[in-house]
Amino acid sequence: MAKIKEHTSPWIIILTHGDAGKELVKSAEMILGKLKNVYTFSLLPNMSLNDFTNDIKNVLEKAPKDTLVFVDLFGGTPSNVAIALSRDYDISIVSGLNIAMLIEADSLRENGVCGKELAVAVANVGKEACKEITTLFKNHA
């Protein structure tokens, strides 16, 4: 009888300037409870690019296929590091991280969504979450 492979949810790795990622995870955990297999990496002043990259590599070495990497800003150092790492690791990268995206990513990955499908879904949630709400609510008053 063939052994059925157990589904491994993709991990979430967050790369940000400063501690923004750590704080965002804390906020999401206020809503969802403890997040499993979510790792944050903070690019801090005076940190070497090599140290930042090697810290991420150490986690990626253990990460399952289709791990999702969030970065705070497209084109910034965390984004560029993620792109470079994507040459050697099976990851999907999404920029512009916000709390709605993190919550959706956690939910979708627990339901078996992974890879490019997960990345596209959370990018769409990010776009939908960004609204100029003053006008929206003034028009409904």
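In case you missed it, the structure is sitting above this.
In this text, all values refer to a predicted model and were calculated from it rather than measured experimentally.

> Help me out: how do you make sense of the overall build of the protein in this one?
Regarding its fold elements, the protein presents 6 helices and 4 strands. If you list the helices and strands of the protein from N to C, you get β-α-β-α-β-α-β-α-α-α. Along the first, second and third principal axes, the C-alpha atoms of the protein reach 60 × 50 × 25 Å. When each of the 141 residues of the protein is scored for burial, the buried share is 38%. About 8,700 Å² of surface is accessible on the protein, with carbon and sulfur atoms providing 54% of the total. Charge separation in the protein, taken as the distance between the mean sites of 15 positive and 17 negative side-chain charges, equals 2 Å.

> Which parts of the structure should I look at to understand the side chain of threonine 53?
Counting through the fold element by element, threonine 53 comes out in helix H2 (residues 49-60). Among all residues touching threonine 53, those that are not within four sequence positions of it are Val81 and Leu85.

> Would you mind showing me how to read the environment of aspartate 66 here?
Note that aspartate 66 resides in the loop between H2 and strand E3 (67-71). Linking aspartate 66 and alanine 105, residues 39 residues apart in sequence, is a C-alpha distance of 12 Å.

> What am I meant to see in unusual backbone geometry here?
Excluding glycine, residues mostly have negative phi values, and the peptide bonds linking residues are mostly trans. Its identity is not glycine, yet asparagine 37 carries a phi of approximately 55°, on the positive side. Here asparagine 37 shows up in the loop between helix H1 (20-32) and strand E2 (38-43). Judged by its relative accessible area of 35%, asparagine 37 falls in the partly exposed class. With a phi close to 70°, aspartate 66 is a non-glycine residue in the positive phi region. For aspartate 66, a relative accessible area of 18% translates into the label buried.

> Just checking my understanding: could you explain the packing of H1 against helix H4 (residues 99-110) for this structure?
To characterise two packed helices, one gives the angle between the axes of the helices and the distance between these axes. Running from N to C, H1 and H4 point in directions that differ by 55°, and their axes come no closer than 10 Å. Relative to H4, H1 is oriented oblique. The crossing of H1 and H4 is right-handed. Of H4, the residues touching H1 (which contributes Leu24, Val25, Ser27, Ala28, Ile31 and Leu32) are Ile99, Leu102, Ile103 and Asp106. Tallied by class, the residues present in the contact of H1 with H4 amount to 8 nonpolar, 1 polar and 1 charged.

> Is there a simple way to explain the side chain of threonine 67 in this structure?
Mapped onto the fold, threonine 67 is located in strand E3. Side-chain polar atoms of threonine 67 contact the backbone oxygen of proline 64, separated by 2.7 Å. Beyond its immediate chain neighbours, meaning those up to four positions away, threonine 67 contacts Pro10, Trp11, Ile13, Asp90, Ile91 and Ser92.

Here is what the cut-offs are and how they apply
Residues numbered from 1 in each chain as written. Predicted model: local features only at pLDDT ≥ 70, side-chain atom pairs only at ≥ 80, totals over all residues. Heavy atoms only, no water. Helix = DSSP H or I, 4+ residues; strand = E, 2+ residues; numbered from the N terminus. Buried < 20%, exposed > 50% of the residue type's maximum accessible area, 1.4 Å probe, protein only. Areas by Shrake-Rupley, 256 points an atom, 1.4 Å probe, with all protein chains shown as cover. Lys, Arg positive; Asp, Glu negative; His and termini not counted. Charge placed at Lys NZ, Arg CZ, Asp CG, Glu CD. Contact = heavy atoms within 4.5 Å. Axes fitted to C-alpha atoms, helices over the stretch in contact; angles between N-to-C directions. Parallel < 35°, antiparallel > 145°, perpendicular 65-115°, else oblique. Left-handed = near helix turned anticlockwise from the far one by under 90°. Nonpolar A, V, L, I, M, F, W, Y, C, P; charged D, E, K, R; others polar. Polar contact = N/O pair within 3.5 Å; in protein donor to acceptor, adjacent residues only side chain to side chain.

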